[in-house]
Amino acid sequence: MNNYQFQLVFLLHPNEDAEQYLDALFEAGCDDALMSIGKAGYLAADFTRESITAYEAIKTAIKAVTDAISHAKLIKAGPYIANLSEMANLFGCTKQNLSKYARSESPKKESFPCPIISGKVDYWYVLDIASWFYKQDKMNIQKQDIEVLKAIHDLNIAIEEIRNQYDNDNDFLSLVKDIAA
Amino acid sequence: MPSKKHPNKHIEEALQYAESRGWRIEKSSGQAHSWGKMFCPENSSLCRNSLFCIKSIWSTPRNPQQHARDIKRAIDGCTMIEENDDE
């Protein structure tokens, strides 16, 4: 059994206070999650769930929430996209330490992954950064960390696909099929 | 100090850490499983739409030590505090 840490964010009815569902969430098995209820109409659950696989942990966690709140809609999962500050908190290191890796260029090593959003603050896929450190045996990243980040990454893509309802005739799909990295 | 202490010493310690970082602790009434709530001092809509500014604390979480660790991690994860550190 491994401990998997992940966050699920749900949309409730507009302006609905999630506090009324706390007892139901506990009884449905969310007693291994820290619930955030600061915004009406939303619920965020930070799980630390013991399970055989990351997929099983996430699947049972989603079910526990929707058992308690049948109309809850899953809108995103994390850790997925983050800046260096957020990843430092996640990996238990300083932001300065992460910046050092992000800036350094070494011809011997695979270069630091490219941010997916560049601006005043850059954002990366957490999976990319964690995998990069895992390959180099740094930041004490374990196999199960990569496993849960991959599952969360795939889950977000699935949510996006359903939201956007891509069809197979999408012109861009065929355009990027052979050239996208 | 919280007006009433959490019965688990690990969680109580995490709540004291929360208070030392400016969070306000409020004991619930009339809830079977939610011991109370904690409120972020920043409470800003600029920080992840303020969703994470109020957290619920369980009376009897599955693993109290882990719940205490999760509470501390959440406090350290406040993006407003980190942004302030940057400037």
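Residues numbered from 1 in each chain as written. Chains lettered and ligands numbered in written order. Predicted model: local features only at pLDDT ≥ 70, side-chain atom pairs only at ≥ 80, totals over all residues. Heavy atoms only, no water.

Visitor: Tell me about the overall build of chain A, and please be specific about residues and values.
Guide: Helix and strand counts for chain A stand at 7 helices and 6 strands. In chain A, the order of α-helices and β-strands from amino to carboxyl end is β-α-β-β-α-β-β-α-α-β-α-α-α. C-alpha atoms of chain A, sized along the principal axes, occupy 55 × 45 × 35 Å. A total of 181 residues make up chain A; the buried ones form 44% of that total. (Helix = DSSP H or I, 4+ residues; strand = E, 2+ residues; numbered from the N terminus. Buried < 20%, exposed > 50% of the residue type's maximum accessible area, 1.4 Å probe, protein only.)

Visitor: Residue-level account of the interface of chain A and chain B, with values.
Guide: At the junction of the two partners, chain A supplies 31 residues and chain B supplies 28 residues. Summed over both sides, the interface between chain A and chain B buries roughly 2700 Å², with carbon and sulfur atoms accounting for 49% of that surface. When the area that chain A buries against chain B is broken down by residue, the three leading residues are Phe-26, Leu-34 and Asn-89 of chain A, summing to 23%. At the boundary of chain A with chain B, the tally comes to 3 salt bridges. We note a salt bridge from Arg-62 of chain B to Asp-31 of chain A, for which the minimum N-O separation is 2.8 Å. The interface formed by chain A and chain B includes 16 residue pairs in polar contact (both at pLDDT 80 or more). Of all the secondary-structure elements, those providing two or more residues to the side of chain A that touches chain B are strand E1 (2-11), helix H1 (22-27), strand E2 (33-36), strand E3 (42-51) and helix H3 (84-91) of chain A. Each residue belonging to the side of chain A that touches chain B can be placed in one class, and the counts come to 12 nonpolar, 8 polar and 11 charged. As paired elements, E2 of chain A and strand E3 (residues 54-58) of chain B share 2 bridges and run antiparallel to each other. Bridge pairing links Met-35 of chain A to Ser-56 of chain B in E3 of chain B. (Contact = heavy atoms within 4.5 Å. Buried area = accessible area lost by both parts, 1.4 Å probe. Salt bridge = Lys/Arg side-chain N within 4 Å of Asp/Glu carboxyl O. Polar contact = N/O pair within 3.5 Å; in protein donor to acceptor, adjacent residues only side chain to side chain. Nonpolar A, V, L, I, M, F, W, Y, C, P; charged D, E, K, R; others polar. Pairing = 2+ DSSP bridges.)

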